[in-house]
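# Structural features, examined
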Amino acid sequence: ENIFERATIGQLSAAPNQWKTWVMWHKAICIATGRKVFDRFDTDKQNVLIVNEEDTEMLLKERSLMLLGEAEDIPVYIHAEKGIKLEDRAVKQLLKEAKEKNIGVIIFDSLSVIHTADENSAKEMSAVFEQMKKFTREGITVLFTNHHRKKSLKKWEKDDLQEQVRGSTVINAVPSGHITCEEKIQGGEKFIIIRQAKLKGAKK
């Protein structure tokens with residue numbers, strides 16, 4: 001509700017080590033259990049498939065247990081460090097698995113490691129997103145994490161939220177929804193600041 005639309009592509013971006021995977025895990029757990037995201041936004045309860053090419057299965061398990069508080073049998077399926085790329089053969093296999101497991105949401109963590117395209121090429125990145133659209137055409141929601149560029153485009157001011165994402169403008173143009181996350185220390189406490197950069201289907 002008011003974050004990402006069903007059967008569209010959504011992006012969660014941030015600088016390195018700014019809790020992207022944690023936030024996406026929180027979303028996955030909420031969607032799989034029907035809980036509210038951030039204790040505020042309603043979800044449609046659906047099975048979730050996570051393709052994570054950056055972390056080990058053990059690390060993902062530890063994070064899920066920390067977020068859940070205790071072991072729970074929830075419909076979240078994981079592929080960790082299997083060398084999956086968004087190419088015809090792999091996508092065909094993932095679509096088959098999604099159908100067998102009644103997957104409603106697939107999460108790719110992160111964009112930079114699930115393709116071999118030049119991320120600065122609009123043509124090559126369009127081909128990557130065309131692979132993602134094979135899932136949305138089957139009614140599956142696609143979410144992916146992405147990194148911000150190391151330096152601002154404008155040295156004298158901070159970039160617009162969407163301009164912070166590195167690579168081709170296609171990466172921002174295609175997704176229907178886009179949020180960012182950033183760590184902030186305030187009063188000795190750690191907070192994760194969530195900002196909404198884009199939402200095509202409803203008011204942000």
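This text follows the structure it describes.
Residues numbered from 1 in each chain as written. Predicted model: local features only at pLDDT ≥ 70, side-chain atom pairs only at ≥ 80, totals over all residues. Heavy atoms only, no water.

### Section: helix 3 (residues 88-100)
Quick reminder of the rule: The helix and strand labels rest on DSSP assignments: H or I over at least four residues marks a helix, E over at least two residues marks a strand, and numbering proceeds from the N terminus. Multiplying 1.5 Å by the helix residue count minus one yields the expected span of that helix. Under the scheme applied here, a residue whose accessible area is under 20% of the maximum for its type counts as buried, over 50% as exposed, and between as partly exposed, the area being computed with a 1.4 Å probe on protein chains only. To be clear, the arc concerns the directions from the helix axis to the C-beta atoms. Should any heavy atoms of two residues lie within 4.5 Å, those residues are considered in contact.
Across its 13 residues, helix 3 extends 19 Å between first and last C-alpha, which sits within 8% of the 18 Å expected from 1.5 Å per residue. Buried residues of helix 3: Val 91, Leu 94, Glu 97 and Ala 98, and no others. Down the axis, helix 3 shows its buried residues gathered within 125° of arc, on one side only. Every exposed residue of helix 3 that faces more than 90 degrees away from the buried side is listed here: Asp 88, Arg 89, Lys 92, Lys 99 and Glu 100. Lining the buried residues of helix 3 we find strand 2 (47-52), strand 3 (76-80), strand 4 (103-109) and helix 4 (122-136).

### Quick word on the sheet that holds strand 4
Quick reminder of the rule: Between any two strands, pairing holds if DSSP finds at least two bridges. For helices, the fitted axis covers only the stretch in contact; all axes are lines through C-alpha atoms, and the angles between them, taken along N-to-C directions, range from 0 to 180 degrees.
The seven strands are arranged 3-2-4-5-1-6-7 in an open sheet whose pairing can be described as mixed. A single partner strand is all that each edge strand has here, and the edge strands are strand 3 and strand 7 (189-199). For this sheet the average axis-to-axis angle between neighbouring strands, irrespective of direction, equals 20°. Summarising the sheet, strand 2 and strand 4 pair through six bridges and their orientation is parallel.

### Considering helix 2 (residues 57-68)
Look at helix 2: 16 Å from first C-alpha to last across 12 residues, which is about the 16 Å you get at 1.5 Å a residue. For helix 2, every residue scored as buried is listed here: Leu 60, Arg 63, Ser 64 and Leu 68. For helix 2, the arc enclosing every buried residue in end-on projection is 130°, short of the 170-degree limit, so these residues lie on one face. Exposed and oriented more than 90 degrees from the buried face of helix 2 are Met 58 and Met 66. At its buried positions, helix 2 is contacted by helix 1 (20-33), strand 2 and strand 3. Positive phi appears at Gly 69, one or two residues downstream of helix 2, with a value of about 90°.

### Let's talk about the pattern of salt bridges
One side chain can pair with another of opposite charge once the charged atoms of both are near each other. What counts is decided by this rule: Think of a salt bridge as a Lys or Arg side-chain nitrogen and an Asp or Glu carboxyl oxygen that are within 4 Å of each other.
Scanning the entire structure with this criterion turns up eight salt bridges. Here Asp 44 ties to Arg 6 by a salt bridge, and the two come within 3.0 Å at their closest N and O atoms. Of the two residues, Asp 44 sits in the loop between helix 1 and strand 2 while Arg 6 sits in the segment before strand 1 (9-14), which places them 38 residues apart along the sequence. Using a relative accessible area of 44% as the deciding quantity, one classes Asp 44 as partly exposed. The exposure class assigned to Arg 6 is partly exposed, which follows from its relative accessible area of 48%.

### Some points on the pairing of strand 5 (residues 141-147)
Let me state the cut-off plainly: Note on handedness: a clockwise path from strand one over the helix to strand two, with the strands aimed away from the viewer, defines a right-handed crossover.
Counting buried residues in strand 5 gives seven out of seven residues, a clear majority hidden from the surface. Residues Thr 141, Leu 143, Thr 145 and His 147 line one face of strand 5 and the alternating positions Val 142, Phe 144 and Asn 146 line the opposite face, and both faces are buried. Inspection of the sheet shows strand 1 paired to strand 5 by six bridges, in the parallel sense. Within the sheet, the bridge partner assigned to Leu 12 lies in strand 5 and is Thr 145. Sheet analysis places strand 4 next to strand 5, joined by four bridges and oriented parallel. Of the residues in strand 5, the one forming a bridge with Val 105 is Thr 141. Considered for its hand, the β-α-β crossover made up of strand 4, helix 4 and strand 5 is right-handed.

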